[in-house]
Structure formats: structure tokens, C-alpha cells
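What follows is the residue order along each chain.
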Amino acid sequence: MAITGTENNDGVSLITDKISYDLVETDVEIITSGRRRIPAHSGVLAAASPVLTNIIEKPRKSHGKSLKRVIKILGVPCDAVSVFVRFLYSPSLTEKEMENYGIHLLALSHVYMVTQLKQRCTKGVGERVTAENVVDVLQLARLCDAPGLCLKCMRLIHSKFKTVEQTEGWKFLQEHDPFLELDILQFIDDAESRKKRRRRHRREQNLYMQLSEAMECIEHICTEGCTLVGPSSNLDNNKLKTGPCSAFSTCYGLQLLIRHFAVCKKRVDGKGCIRCKRMIQLLRLHSSICDQSESCRVPLCRQFKQRGEKDKKMVEDTKWNVLVRRVASAKAMCSLSQSKKKKSEVLFKEEAEDFIRIRKTKFF
């Protein structure tokens with residue numbers, strides 16, 4: 001059965017499966033801003049909204065010969081009130097209704113505590129918010145206690161602040177609500193700070209991964225040898241690898257650094273050399289991470305380990321210890337990921353071999 005306003009028939013219908021006018025007479029009239037009267041049933045309204053329940057249960061004043069209770073819903077378009085009442089009967093909204101009356105329905109759902117409608121409107125309005133209306137939607141979201149919509153509006157303002165700054169809504173906000181403007185600017189500042197922290201964290205993680213790769217390359221060079229540098233036993237027996245390794249870009253730079261370290265005259269004379277100091281730091285870092293100093297073939301590993309044990313009794317270098325822990329953690333994570341990758345490659349190879357073998361048995 002269709003429910004329509006008694007004045008200004010606009011084609012908006014309120015369809016319900018719960019109740020029929022042929023069986024139960026309407027006992028409430030909802031009056032809108034345009035003086036439109038929408039007949040309704042108090043039982044349906046009370047079941048859908050606790051606020052309307054309180055209004056209906058109040059002792060009513062006499063309105064002449066009329067026996068119907070009058071409820072005024074003002075401040076929003078008549079059509080929005082019609083859609084709101086229809087939703088109380090049958091909880092459904094079309095895309096067009098959400099497009100035209102989403103903001104008004106959000107306000108009504110908050111005022112009359114219709115939770116299901118509020119959730120629908122919060123989602124629908126959030127999907128349609130733009131840089132032009134984001135300030136207005138944010139103000140409404142704060143008034144309607146919709147934190148999810150508030151956060152979405154704040155993020156949109158942050159991402160398109162230069163565009164939002166030119167809108168009439170932002171200019172009005174600056175003149176009439178400086179506290180909200182301050183909250184928005186604080187949110188933008190916090191978001192930028194978080195972005196800077198994430199970037200710094202990524203840079204640090206990349207540095208730790210590079211140092212971890214350098215530690216592996218040092219062990220590889222001093223144990224197996226590579227294109228230019230290797231252990232003396234390999235050099236004497238011409239067992240030095242001539243082909244590049246998997247991390248050749250890092251390995252090659254370390255080989256050049258080791259060759260320089262071996263022949264640098266500034267280091268021997270005690271005048272100091274930046275490249276030699278860098279090599280010493282890498283060897284010290286390796287010694288701090290290495291757990292096989294007795295059998296390790298990396299130069300100065302045992303000496304740095306013994307020196308480190310003596311230095312612990314004197315003073316502890318906090319920054320160096322943090323660096324060691326993080327590089328060791330990066331190395332462990334890298335080795336774990338490599339082992340998983342190797343296992344997956346082995347499994348893939350075995351599955352491929354099984355598939356080929358099955359295919360061969362089928363055809364032959």
C-alpha cells in the first residue's frame with residue numbers, strides 16, 4: 001500500500017509490507033516544512049525510533065476535533081522527510097535518493113536515533129564526498145557523531161588541501177569556526193609527521209638491509225673469494241671465482257675497498273683515511289654479529305671480538321649496540337626469506353617434475 005503526502009503530490013511513495021491502511025487506520029500526521037502532511041502509524045514509528053516513541057507517548061494536547069497526533073519534522077526538504085518515513089516502514093534506499101537526500105537523511109537518522117539508516121547514510125555520504133562539499137560534510141559528521149565519516153573527510157582535506165582551501169566552505173569555516181580549522185590543521189600536521197617517520201623508518205630499514213648484505217659479502221669474499229679478492233689459499237691454487245656472484249654490485253665495491261685497505265699508505269703512516277676507516281667499521285660490525293669468531297676467516301674478527309669484551313667493562317656504546325641488533329635482525333630476516341624462497345623453488349621444481357612424469361606415463 002502506498003503512503004503519500006496529502007498535499008503537493010510529488011510522486012514520492014512510502015511502501016510497507018508491515019501494515020496496510022485497509023486494516024489499520026493511521027493515527028499520526030507528520031508535518032514538514034512545506035506544510036505537507038504525511039499520514040503514518042504510531043506503532044510503526046515507535047518500533048523504528050526511540051525518539052519518536054517518547055514523542056508519541058507524551059500526553060497530547062487537544063487539536064480541535066482531530067484525533068490524530070501531530071509530529072513536526074522541520075528544517076529539511078519535504079521529499080527527504082517522505083523518504084525518511086518510508087524507510088521507517090521498509091528499510092530500503094535507492095541510489096538516487098541517497099544522492100539527493102543523503103545529508104538530510106543522515107541528520108534525521110541521528111536526531112531520531114535510527115541506527116540502520118545512520119549507517120547507510122554514513123557510508124553513502126562518505127562515498128559521494130568531494131573537495132567542494134567536504135567541509136560541510138565534516139561539520140555535519142561532527143554534529144551527528146559519525147567518527148568514520150569525520151576521518152574520511154579529514155583525509156580528503158589533507159590529500160586535496162590546496163583545492164579545499166579555495167572553496168566557500170573553507171572560507172566560511174575560517175570566519176565562523178576557528179576551533180574546527182585548528183583541529184583540521186593539527187590533523188594535517190600529525191599526518192605529515194607520521195609520513196616523515198615512515199619515510200625515515202624505510203630509509204633506516206634499507207640501510208640495515210644493505211649493511212646485512214655487506215656482511216654476507218664480506219664472509220663470501222673471505223671464505224670463497226670472488227672476482228678480484230679471495231683467501232690466500234684460493235689465490236695460490238687459482239681457485240678464485242671469475243664469474244659475478246648474486247650480489248655483485250655490493251660485492252664488487254667491497255672488493256675494491258679491501259684492495260685499497262691492504263695497500264693504503266695513509267693507514268700505515270697513521271694519517272688516517274676515510275675509506276680505511278669505513279672498512280674498519282665494517283669489519284668491526286661483522287665481528288659484533290659473528291658467532292664463529294674462532295673459525296671465522298674474516299680479517300680482524302677475533303681481535304675486534306676480544307677488544308669488544310674489554311670495552312664492555314669500560315663503557316657501553318648504546319648507538320653501536322642498537323646498530324648491531326638491527327643489522328643482525330635484518331640479516332636473520334633476509335636469511336629466513338631466502339630459505340623460504342629456496343624451499344618454494346624446490347617444491348615448484350618437484351611439482352613440475354611430477355607433472356612431466358605423469359604426462360609421459362599417460363602418453364607412453
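Up top is the structure.
Residues numbered from 1 in each chain as written. Predicted model: local features only at pLDDT ≥ 70, side-chain atom pairs only at ≥ 80, totals over all residues. Heavy atoms only, no water.

(A) Structural detail: the sheet that holds strand β5 (residues 69-72). Across the sheet, which stays open at both edges, the three strands sit in the order β4-β3-β5 with mixed pairing between neighbours. Strands at the two margins of the open sheet, each flanked by one partner only, are β4 (37-40) and β5. The average undirected angle you get between the axes of adjacent strands in this sheet is 25°. Bridge count between strand β3 (residues 28-31) and β5: four bridges; the pairing is parallel. From the neighbouring strand, I31 faces β5, where its bridge partner is K72. With respect to the sheet, helix α3 (residues 78-89) is in contact with β3 and β4, its orientation differing from that of β4 by roughly 5°. (Pairing = 2+ DSSP bridges. Helix = DSSP H or I, 4+ residues; strand = E, 2+ residues; numbered from the N terminus. Axes fitted to C-alpha atoms, helices over the stretch in contact; angles between N-to-C directions. Contact = heavy atoms within 4.5 Å.)

(B) Molecular detail of helix α4 (residues 95-111). For α4, with 17 residues, the first-to-last C-alpha span of 22 Å sits near the 24 Å given by 1.5 Å per residue. Of all the bends in α4, the greatest, near 80°, is centred on Y101. Inspection of α4 places E97, M98, Y101, G102, L105, L106, L108 and S109 among the buried residues, and these make up the whole buried set. Taken together, the buried residues of α4 touch α3, α5 (115-128), α6 (134-143) and α7 (147-159). Looking one or two residues past α4, M113 carries a phi angle of roughly 55°, positive in sign. (Expected span 1.5 Å × (residues − 1). Bend = angle between axes of the 7 residues up to and from the residue. Buried < 20%, exposed > 50% of the residue type's maximum accessible area, 1.4 Å probe, protein only.)

(C) Spatial organisation of the side chain of E29. Within the element layout of this structure, E29 appears in strand β3. With near-sequence residues (within four places) excluded, E29 lies in contact with R37, I38, K68, R69, V70 and I71.

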